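Chain by chain, the residues run as shown.
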Amino acid sequence: MQIWDLENVLITVVSAAGDVASQRLAARLVPRFIALFPDQVEVAAGALIKLYELYQEVEGFDKPLEEHTRRDALHGLMAVMLAASSGTPHGSQAVKLILSVLFRWVAVLAAH
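These numbers come from a predicted model, not from an experiment. One numbering rule holds for all chains: residues counted from 1, following each sequence as written. Given that this is a predicted model, residues contribute local features only at a pLDDT of at least 70 and side-chain atom pairs are listed and counted only at 80 or more, while totals for whole chains, interfaces and linings are drawn from all residues. Hydrogens and water are ignored here; the side-chain numbers use all heavy atoms of the structure.

Student: Would you mind showing me how to read the pattern of salt bridges here?
Tutor: Side-chain pairs of opposite charge can arise whenever the charged atoms involved come near each other. Just to be clear on terms, a salt bridge is a Lys or Arg side-chain nitrogen sitting within 4 Å of an Asp or Glu carboxyl oxygen. A full pass over the atoms with the stated rule returns 5 salt bridges. The closest approach of N and O atoms between Asp72 and Arg24, which form a salt bridge, is 2.6 Å. Of the two residues, Asp72 is situated in helix α4 (residues 64-84) and Arg24 in helix α2 (residues 20-33); the sequence distance between them amounts to 48 residues. Residues Asp72 and Arg24 agree in their burial class; the two are buried. For Arg70, the salt bridge identified is with Glu67, shortest N-O distance 3.6 Å. Counting from the N terminus, the helices are the DSSP runs of H or I reaching at least four residues and the strands are the DSSP runs of E reaching at least two. Categorising residues by exposure relies on relative accessible area from a 1.4 Å probe, with only protein chains included: less than 20% of the type maximum marks a residue as buried, more than 50% marks it as exposed, and the intermediate range marks it as partly exposed.

What follows is the structure, given as structure tokens:
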């Protein structure tokens, strides 16, 4: 498989379309492969943020797969942040996006 084919696969995976199991798989795969595609850090950050926010209202153990997807997406943002900070073309935009969302989440948590 050529590199541009792998890049299209990554873009498809981070779109996170499908059922919860597919979304969790995306949340776990993106951090593993983002270093291979540093120009996709902004797309990856947006997808992981979307996955986290999709299941933000899930509480308790009645929906464990959704909660695990949410946790994996949050952990994945760390890998994307590391990839973005290595001087990638869209790295600064990805870092700004992640930080703005994290500060928003902290503000919401502080308000509770």
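Still more to cover.
Student: Would you mind showing me how to read the packing of aromatic side chains here?
Tutor: Any two aromatic rings considered together are summarised by their centre-to-centre distance and by the angle between their planes. The aromatic pairing rule takes the rings of Phe, Tyr and Trp, using the six-membered ring of Trp, and pairs them if the centres are within 6.5 Å, calling planes under 30 degrees apart stacked, those over 60 edge-to-face and the rest tilted. Tallying each qualifying case throughout the model produces 1 aromatic pair. When the centroid spacing of 4.2 Å and the interplanar angle of 35° are considered together, the rings of Tyr52 and Trp105 count as tilted. With a gap of 53 residues between them, Tyr52 in helix α3 (residues 41-54) and Trp105 in helix α5 (residues 91-111) connect regions that are remote in the sequence. Taken as a pair, Tyr52 and Trp105 share a single burial class, namely buried.

Student: When you look at the nonpolar core in this model, what are you seeing that I'm missing?
Tutor: The nonpolar side chains of soluble globular proteins are, as a tendency, buried together. Within this scheme, the nonpolar core is defined by two criteria: the residues are buried Ala, Val, Leu, Ile, Met, Phe, Trp, Tyr or Cys, and they are joined through side-chain atoms within 4.5 Å. Judged by nonpolar contacts, the single largest core of 20 residues is most densely connected at Val41, Leu48 and Val80. Elements with a contribution of two residues or more to this core: α2, α3, α4 and α5. If one sorts the elements of this core by residue count, α3 sits on top with 7 residues.

Student: How do you make sense of the side chain of Arg24 when you look at a structure like this?
Tutor: Residue classification places Arg24 among the buried residues on the basis of a relative accessible area of 18%. Residues are treated as being in contact if the distance between any of their heavy atoms lies within 4.5 Å. Setting aside its immediate chain neighbours within four residues, Arg24 contacts Leu65, His68, Thr69, Arg71 and Asp72.

Student: Just to check I follow, could you spell out the environment of Leu102 for this structure?
Tutor: If you trace the backbone, Leu102 turns up in helix α5. Residues Leu102 and Leu74, 28 residues apart in the sequence, show an inter-C-alpha distance of 9.7 Å.

Student: Looking at this model, I keep getting lost on α2. Mind explaining?
Tutor: For the α-helix, the turn length of 3.6 residues means that residues three or four positions removed from each other point alike. Here α2 spans 20 Å end to end across 14 residues, near enough to the 20 Å set by a 1.5 Å rise per residue. Restricting attention to buried positions, one finds in α2 the residues Val20, Gln23, Arg24, Ala26, Ala27 and Val30. Buried positions in α2, seen along its axis, are confined to an arc of 155° and lie on one side of it. Here the expected span of a helix is defined as 1.5 Å times the quantity of residues minus one. By definition, the arc is the one covered by directions from the helix axis to the C-beta atoms.

Student: Even after reading the chapter, I still don't get α4, so can you show me in this structure?
Tutor: Along its 21 residues, α4 runs 30 Å from first to last C-alpha, staying within 8% of the 30 Å computed at 1.5 Å per residue. Listing the buried residues of α4 in full gives Glu66, Thr69, Arg70, Asp72, Ala73, Gly76, Leu77, Val80, Ala83 and Ala84. Down the axis of α4, the buried side of the element spans an arc of 165°, and every buried residue falls inside it. Exposed residues lying more than 90 degrees from the buried face of α4 are His75, Met78 and Leu82. On its buried face, α4 sits against α2, α3 and α5.

Student: Before we go on, may I ask you to explain the environment of Leu51 in this structure?
Tutor: In this structure, Leu51 sits in helix α3. For the pair formed by Leu51 and Ala27, sequence separation is 24 residues and the distance between their alpha carbons is 7.4 Å.

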